[in-house]
Amino acid sequence: MTNLRIGHGYDVHRLVEGRKLIIGGVDIPWEKGLLGHSDADVLVHAVMDALTGAARLGDIGKLFPDTDPAYAGISSIKLLAHVGKLLGEKGYAVVNIDCVLLAQAPKVGPYRAQMARNMAAALGIDTEQINVKATTEEGLGFTGDGSGMAAHAVVLLEKLNG
Ligand code: MG
């Protein structure tokens, strides 16, 4: 049996006024922000769900219930660090992470490298192990009309010593 495990994560958050826009742990100047119990970092949430999926840890809703006041407004990068710790305890190492943000605006290209650095630091891995992409959906659907953002992530884990 192989020691490699793949995982996929998907997340959506609504864009509203009066919230900070935090994506990949970067505070991006914008007229709206993502709504959620935590900082609503849609990209990090997708990455965490991919990681928990690959490691059979369930999902982030189970790990960090949005009914728990402890997670109100919390930085999702902190939650990612916790997921990384759980992976280590189960004997998993990250091989690589690929993720894509679906957003009409703003342009996030200038922030992608920092997003990768933030997530790599939280997980204790190399920045080269993470790829961050972004795309619009050509004005279509809820990302296209600016009412929300979505993200997908795919990860590969390797089980060590076993
Ligand atoms: Mg979420």
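Residues numbered from 1 in each chain as written. Predicted model: local features only at pLDDT ≥ 70, side-chain atom pairs only at ≥ 80, totals over all residues. Heavy atoms only, no water.

Is there a simple way to think about the packing of aromatic side chains in this case?
Centre-to-centre distance and the angle between the planes together describe a pair of aromatic rings. This structure, assessed with the given rule, holds one aromatic pair. Centre to centre, the rings of F64 and Y71 are 5.3 Å apart; their planes meet at 75 degrees, and the pair counts as edge-to-face. Relative accessible area serves as the criterion here: at 9%, F64 is assigned to the buried category. When its relative accessible area of 18% is taken as the criterion, Y71 is described as buried. One cation-aromatic arrangement involves K159 over Y92; the distance from NZ or CZ to the ring centre is 4.8 Å. (Phe/Tyr/Trp six-rings, centres within 6.5 Å; stacked < 30°, edge-to-face > 60°. Buried < 20%, exposed > 50% of the residue type's maximum accessible area, 1.4 Å probe, protein only. Lys NZ or Arg CZ within 6 Å of the ring centre and 35° of its normal.)

Sorry if this is basic, but what is going on with the layout of surface pockets here?
Vacant regions in the atomic arrangement are exposed by a probe of water-molecule size rolled over the atoms. In this model, the largest pocket occupies a volume close to 260 Å³. Looking at the lining of the largest pocket, the elements that each hand over two or more residues are β1 (4-16), α1 (42-54) and α2 (60-63). Classifying every residue of the lining of the largest pocket gives five nonpolar, six polar and two charged. (1 Å grid on protein atoms, 1.4 Å probe; cavity = no way out; pocket = protein on both sides within 12 Å on 5 of 7 lines; lining within 4 Å. Points joined across faces, edges and corners; volume = space filled by probe spheres on them. Helix = DSSP H or I, 4+ residues; strand = E, 2+ residues; numbered from the N terminus. Nonpolar A, V, L, I, M, F, W, Y, C, P; charged D, E, K, R; others polar.)

What am I meant to see in the coordination of the magnesium ion here?
By definition of the ideal shapes, four donors in a tetrahedron about a metal sit 109.5 degrees apart, and six donors in an octahedron sit 90 or 180 degrees apart. At 2.1 to 2.2 Å from the magnesium ion lie its protein donor atoms, namely D11 (OD), H13 (NE2) and H45 (ND1). In terms of primary sequence, the donors binding the magnesium ion are separated according to D-x1-H-x31-H. You can see H13 sitting in strand β1 and its partner H45 sitting in helix α1, a full 32 residues away along the chain. The exposure classification of H13 matches that of H45, with both residues buried. (Donors = N, O, S within 2.8 Å, 3.2 Å for Na, K, Ca; no water.)

Would you mind going over the sheet that holds strand β7 (residues 148-159) with me for this structure?
Each strand in a sheet pairs with another by means of backbone hydrogen bonds, the pair being arranged parallel or else antiparallel. With mixed pairing, five strands are arranged side by side in an open sheet as β4-β1-β7-β5-β6. Two strands in the sheet have a free side with no partner beyond their single neighbour: β4 (33-34) and β6 (130-135). Relative to β7, β1 runs antiparallel, the two sharing eleven bridges. Bridge pairing links H8 to V154 in β7. Contacts between α1 and the sheet are confined to β1, β4, β5 (92-102), β6 and β7, with β1 contributing the most and set at about 155 degrees to the helix. (Pairing = 2+ DSSP bridges. Contact = heavy atoms within 4.5 Å. Axes fitted to C-alpha atoms, helices over the stretch in contact; angles between N-to-C directions.)

Which parts of the structure should I look at to understand the pattern of salt bridges?
Side-chain pairing between opposite charges can occur once the charged atoms of the two side chains come close. For the structure on display, the rule yields three salt bridges. The partner of K85 in a salt bridge is E89, and the shortest N-O contact between them spans 3.6 Å. Placement of the pair is K85 and E89 together in helix α3 (residues 76-89), with a separation of four residues, close to one helical turn. Note that D98 and K133 form a salt bridge whose closest N and O atoms lie 2.7 Å from each other. Note that D98 is positioned in strand β5 and K133 in strand β6, a separation of 35 residues in sequence. With a relative accessible area of 29%, D98 lands in the partly exposed category. The exposure class assigned to K133 is partly exposed, which follows from its relative accessible area of 31%. (Salt bridge = Lys/Arg side-chain N within 4 Å of Asp/Glu carboxyl O.)

I'm lost on α3 in this one. Help?
At 3.6 residues per turn, the α-helix brings residues three or four places apart onto the same side. The first and last C-alpha atoms of α3 sit 20 Å apart over 14 residues, in line with the 20 Å expected at 1.5 Å per residue. Listed in full, the buried residues belonging to α3 are S76, I77, L79, L80, V83, G84, L86 and L87. Angular distribution of buried residues about the axis of α3 spans 165 degrees; they occupy a single face of the element. Turned more than 90 degrees away from the buried face of α3, the exposed residues are K78, K85 and E89. On its buried face, α3 is in contact with α1, α2, β5, α4 (112-123) and β7. Of the residues flanking the end of α3, it is G91, one or two places downstream, whose phi is positive at about 85 degrees. (Expected span 1.5 Å × (residues − 1). Arc of directions from axis to C-beta.)

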